[in-house]
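# Structural overview
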Amino acid sequence: MGTARLKRNTGRRNGTADLFRRICELTMLAHRNTHPSRLQLAERWNMTTRAVSYVISYADSTYGVRLRHDPEQGGYALVDPGIINLAVLERWKR
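No experiment lies behind these values; they were computed from the predicted model shown.

Cut-off values and rules
- Per chain, residues are indexed from 1 in the order of the written sequence.
- The predicted origin of the model limits local features to residues at a pLDDT of at least 70 and limits the giving and counting of side-chain atom pairs to 80 or more, whereas totals for whole chains, interfaces and linings rest on all residues.
- In computing side-chain properties, one takes all heavy atoms of the structure into account and sets aside hydrogens as well as water.
- Numbering of helices and strands starts at the N terminus; helices are DSSP runs of H or I of at least 4 residues and strands are runs of E of at least 2.
- Three labels apply to residues, based on accessible area from a 1.4 Å probe with only protein chains included: buried if under 20% of the type maximum, exposed if over 50%, partly exposed otherwise in between.
- Residues are treated as being in contact if the distance between any of their heavy atoms lies within 4.5 Å.
- By definition here, a salt bridge exists when the distance from a side-chain nitrogen of Lys or Arg to a carboxyl oxygen of Asp or Glu is within 4 Å.
- Nine residue types can take part in a nonpolar core, namely buried Ala, Val, Leu, Ile, Met, Phe, Trp, Tyr and Cys, and a core is a set of them joined through side-chain atoms within 4.5 Å.
- At least two DSSP bridges between two strands are needed for those strands to be called paired.

## What about the overall build of the protein?
A tally of helices and strands in the protein yields four helices and two strands. Ordered by position from the N terminus, the helices and strands of the protein form the series α-α-α-β-β-α. Counting all 94 residues of the protein, 34% fall into the buried class. Excluding contacts between residues fewer than 6 apart, the proportion of contacts in the protein whose partners are at least 24 apart in sequence is 47%.

This is how it looks when you write it as structure tokens:
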């Protein structure tokens, strides 16, 4: 009988820690009025714009982070950080 192997992350999908990190980063970018667009975020995170839409939707449904698209700026602005503590994120380093 062989030794049991643990299934490892092959690098194809990111875990919940990466998702939370992206939500925190998105919240701070929008809070700092940098107005990131979906395309800019997709390039920054090496993912599709559809996946960025999922991150934005998940941030709203899970953490209450509400963003609005600002057509004049061409990106997202923070409406409500939800349960995310902006003061703590200000001290957060990547």
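## So, unusual backbone geometry
Of note in the backbone geometry, Asn33 takes a positive phi value of approximately 60 degrees without being a glycine. In this fold, Asn33 is placed in the loop between helix H1 (16-31) and helix H2 (38-45). Given a relative accessible area of 53%, Asn33 falls into the exposed group. Of note, the phi angle at His35 is positive, near 50 degrees, even though the residue is not glycine. As for its position among the elements, His35 is in the loop between H1 and H2.

## Overview of the side chain of Asp70
Positionally, Asp70 belongs in strand S1 (residues 66-70). Residue classification places Asp70 among the buried positions, given a relative accessible area of 14%. Aside from chain neighbours lying at most four places away, what touches Asp70 is His35 and Gly75.

## Brief notes about the pattern of salt bridges
Considering all chains together, one arrives at four salt bridges under this definition. Glu25 is the partner of Arg44 in a salt bridge, and the nearest nitrogen-oxygen pair spans 2.3 Å. On the criterion of sequence distance, the pair formed by Arg44 in helix H2 and Glu25 in helix H1 is long-range, its members being 19 residues apart. When the shortest N-O distance is used, the salt bridge between Arg68 and Asp70 registers 3.9 Å. With relative accessibility at 43%, the residue Arg68 sits in the partly exposed group. By sharing partners, the salt bridges in this structure join Arg21, Glu25 and Arg44 into a single network.

## Looking at the nonpolar core
Residues Ile23, Val65 and Leu67 are the most contacted members of the largest nonpolar core, which totals 22 residues. Considering every element that reaches this core, the biggest residue donor is H1, with seven residues. For Val65, the contacting residues outside a window of four places in its chain are Ile23, Thr27, Ala59, Asp60, Leu78, Asp80, Pro81, Gly82 and Ile84.

## Observations regarding the pairing of S1
When a strand is regular, its side chains alternate between the sheet's two faces. Where S1 and strand S2 (residues 75-80) come together, five bridges link them in antiparallel fashion. Within S2, the position partnered with Asp70 by the bridge is Gly75. As consecutive antiparallel partners, S1 and S2 are separated by four residues, and within that stretch Gly74 has a phi angle of approximately 75 degrees, a positive value.

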